[in-house]
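What follows is each chain in one-letter form.
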Amino acid sequence: MNTPDKVRVRIAPSPTGNCHVGTARTALYNMLFARKYGGKFVLRIDDTDLQRSTKESEEGVLEGLRWLNIKWDEGPDVGGPYAPYRQMERQHTYRQVAEQLMAQGDAYHCYCTPEELEAERKAALAEGRPPRYSGKCARLTDEERARLDASGAKRVVRLKVPETTLSFVDLVRGEQHKNMAERGDFVIIKSDGSPVYNFATVVDEHLMEITHVFRAVEHLTNTFDQLAVYHAMGWAPPQFGHLTLMLNPDRTKISKRAGAVYIGEFREMGYLPEALVNFLALLGWNPGTDQEIFSMDQLVEAFSVETLSKSDAIFDIKKLDWFNGVYIRSLTVADLASRVKPFMEKAGFDVSDQARLEAAVSLITDRINKLTEAPDMIGFLFTKEIEISSDAFLGKGKIGPDQAREALARSREALAALKEWEHETVESALRGLADQMRWKAGDLLMQVRIAITGRRVTPPLFESLVLLGKDESLRRIGQALAVLGD
RNA sequence: GCUCCCAUGGUCUAGAGGCCUAGGACACCGCCCUUUCAAGGCGGCAACACGGGUUCGAAUCCCGUUGGGAGCGCCA
């Protein structure tokens, strides 16, 4: 791989309103590469032909990338020396290049209708031939063209594709060849005057002086079409590297039906951006060591084109969950609290007391893998009304209603007698009581746990009691007794 | 149909001819710890798609088969 003095890479998403994980991963790799070699990372919006593309839909993509801490040096929002960065704003450039190609005799107008072409394609497929444009419009005489133009026939511009074999060295897959004889002349400018992707992208890459193009494998075979344009224009192509696909568990291309695919969805599901980045980085690339946890800076340091993988990878959300848990546990309490906060608010809890929130959060760092799990875990500390059903107390048939009632009544008594409401005092009171009653401490604590939280799975009990406060704790035990019908 | 790409446990992968009795991680299972649940520690289950070559020796190289994928658009 050659790394020119100034590396320039790019990501060219379509403004679809959402940032797809695939786009995010490709953007990540490009950014890592740029930073690794001290180059520039360009964000360009590929909005040709997307009538519905709006400012908002573009913003959705940028927002997803920003959330992941993927930053670009040039783009529609930040500008740059190669502006504009939206293809819609570069239309005249594409047309100019197409004009030049026509003037050189490397491109021509084609008047075939979509219906004709479709029929030809079908016929070819039916006969087992690769679908290929016949090139008949290239043979039109000047008079025929004049007549067609006068009649107002729609026309596109096609590139004359030489019948030779084109080659390039793919940065991840090595040498690639394709015999263009079977390709046929393809469209570069549509009848509405807008450029086709394979054409626009070449013009942009060249004018923006992109040196390396890392993109998904679906573009591997497109590369030859693009090469044809580079050759016709006498431009030196950049180096290409084709990245693997991300797959659903059934090995089909990752899609909505199998789960989340947009960055915003992962955010809502309670994933941390740094965890998603780490996970995505390792899905299609590996550091060549056993290290799995990487900060963004470490990724930049470790990234290498040589270890980009060649085979597609299944997106395993279970592994993402693990990464997320690791990152949650690595956060400071204050940081975790601020990230948990919006999820608590969304669940309807008043978490304006920052100190209380932090105290509560510190109890669950080891207990959650996703931020969305927090409200369930610590919600009882931020509300007056917890729901308890009498069934909750009857653990595995071991403890009957009478026993539960006795346990709670005596617990309330023992706790009420406490002068100091602290972890140690609360703990010894309850453990002492369990001894007296000849209960296993765990059984007694479970009764109290349910009484104050309404659940069997909760943060540690003594800490919870302390945070709840004596009055509220006693009140809830009383309330539980009422539920049990004392 | 044609062209091209890919192929190590359920999943992500290490492995660039002998270091492989195939390593790590997730998931799963078990044990320990333990006030629930986790987290943590320890241990376990589990793979070179198949068939031919080449070689003293192949997960690693070659060919074929099979399986999966991409492209062949006035989509990007």
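Being a predicted model, the structure only gives us computed values, none of them experimental.

What counts and what doesn't
- Residues numbered from 1 in each chain as written.
- Chains lettered and ligands numbered in written order.
- Predicted model: local features only at pLDDT ≥ 70, side-chain atom pairs only at ≥ 80, totals over all residues.
- Heavy atoms only, no water.
- Helix = DSSP H or I, 4+ residues; strand = E, 2+ residues; numbered from the N terminus.
- Rg over C-alpha atoms; globule rule 2.2 N^0.38 Å.
- Buried < 20%, exposed > 50% of the residue type's maximum accessible area, 1.4 Å probe, protein only.
- Contact = heavy atoms within 4.5 Å.
- Lys, Arg positive; Asp, Glu negative; His and termini not counted.
- Charge placed at Lys NZ, Arg CZ, Asp CG, Glu CD.
- pLDDT = per-residue confidence, 0-100.
- Near = heavy atom within 4 Å.
- Core = buried A, V, L, I, M, F, W, Y, C linked by side-chain atoms within 4.5 Å.
- Salt bridge = Lys/Arg side-chain N within 4 Å of Asp/Glu carboxyl O.
- Pairing = 2+ DSSP bridges.
- 1 Å grid on protein atoms, 1.4 Å probe; cavity = no way out; pocket = protein on both sides within 12 Å on 5 of 7 lines; lining within 4 Å.
- Points joined across faces, edges and corners; volume = space filled by probe spheres on them.
- Nonpolar A, V, L, I, M, F, W, Y, C, P; charged D, E, K, R; others polar.

Glancing now at the overall build of chain A. In terms of regular secondary structure, chain A is built from 19 helices and eleven strands. Against the globule reference of 23 Å for 486 residues, chain A gives a C-alpha radius of gyration of 32 Å, more extended than a compact globule. Its C-alpha atoms put chain A at 105 × 45 × 40 Å along the principal axes. Burial analysis of chain A (486 residues in total) assigns 49% to the buried set. The long-range fraction of contacts in chain A, counting pairs at least 24 apart against all pairs at least 6 apart in sequence, stands at 75%. Side-chain charges of chain A comprise 63 positive and 70 negative groups, with the mean position of each set lying 2 Å from the other.

Interpretation of this model should avoid reading the predicted coordinates in detail wherever pLDDT is low. On average, residues of chain A score 92 in pLDDT, and 97% of them are at 70 or above. Within chain A, no element has a lower average pLDDT than helix α4 (residues 114–126), which sits at 84, and none a higher one than helix α12 (residues 333–346), at 98. Interface predicted TM-score (ipTM) for the complex: 0.95; the corresponding pTM is 0.94.

Here the focus is the protein's contact with RNA strand B. If you check the shell around RNA strand B, you find 62 residues, and the closest are Gly128, Arg173, Glu292, Asp366 and Arg367. For RNA strand B, the backbone makes up 70% of the atoms found within 4 Å of the protein, where backbone means sugar plus phosphate. Listing elements by their share of the surface near RNA strand B, those giving two or more residues are α4, β6 (174–179), α6 (197–207), β11 (313–314), α11 (317–330), α17 (441–453) and α18 (461–468).

The next thing to look at is the nonpolar core. Ranked by internal contacts, the top residues of the largest apolar core, which has 111 residues, are Leu28, Phe315 and Ile378. With nine residues, helix α1 (residues 21–36) is the single largest residue contributor to this core.

Turning our attention to the pattern of salt bridges. The full count for this structure, using the stated rule, is 30 salt bridges. Across the pair Glu116 and Lys136 runs a salt bridge, and its minimum N-O distance is 3.4 Å. Taken together, the residues span a long stretch of sequence, with Glu116 in helix α4 and Lys136 in the loop between α4 and α5 (142–150) at a distance of 20 residues. On the accessibility criterion, Glu116 (32% relative accessible area) is partly exposed. Under the relative-accessibility criterion, Lys136 is labelled partly exposed at 33%. Salt bridges sharing partners connect three or more residues here, namely Arg10, Arg44, Asp46, Arg90, Asp204 and Glu205.

Time to look at the pairing of strand β3 (residues 107–110). Residues of β3 alternate between two faces, with Ala107 and His109 on one and Tyr108 and Cys110 on the opposite face, all of them buried. In the sheet, β3 pairs with strand β4 (residues 156–159) via four bridges, with the strands oriented antiparallel. The residue bridging Ala107 from the neighbouring strand is Leu159, located in β4.

The next point concerns the layout of surface pockets. Approximately 690 Å³ is the volume found for the largest pocket. In terms of lining, the largest pocket is formed by 26 residues, of which the most central are Gly22, Thr23, Ala216, Glu218 and His219. Of all the secondary-structure elements, those providing two or more residues to the lining of the largest pocket are β1 (8–11), α1 and β8 (212–216). Per element, the largest residue contribution to the lining of the largest pocket is four residues, and it comes from α1. Split into classes, the residues belonging to the lining of the largest pocket amount to eleven nonpolar, nine polar and six charged. Considered as a void within the structure, the second largest pocket measures approximately 340 Å³ in volume. Looking at the lining of the second largest pocket element by element, the count peaks at five residues for α4. Grouping the amino acids of the lining of the second largest pocket by side-chain chemistry returns eight nonpolar, no polar and eight charged.

So, about unusual backbone geometry. Here the residue pair Ala83 and Pro84 is connected by a cis peptide bond, since its omega of 0° sits within 30 degrees of zero. A positive phi is found at Asn69, a non-glycine position, where the angle reads about 70°. You can see Asn69 is positioned in the loop between α2 (55–67) and α3 (91–104). Residue class for Asn69 comes out partly exposed when judged on its relative accessible area of 36%. The phi torsion at Arg438 lies on the positive side, around 60°, for a residue other than glycine.

With respect to the helices and strands, the residue Gln403 is situated in helix α15 (residues 401–416). Relative accessible area serves as the criterion here: at 35%, Gln403 is assigned to the partly exposed category. With 272 residues separating them along the chain, Gln403 and Pro131 place their C-alpha atoms 80 Å apart.

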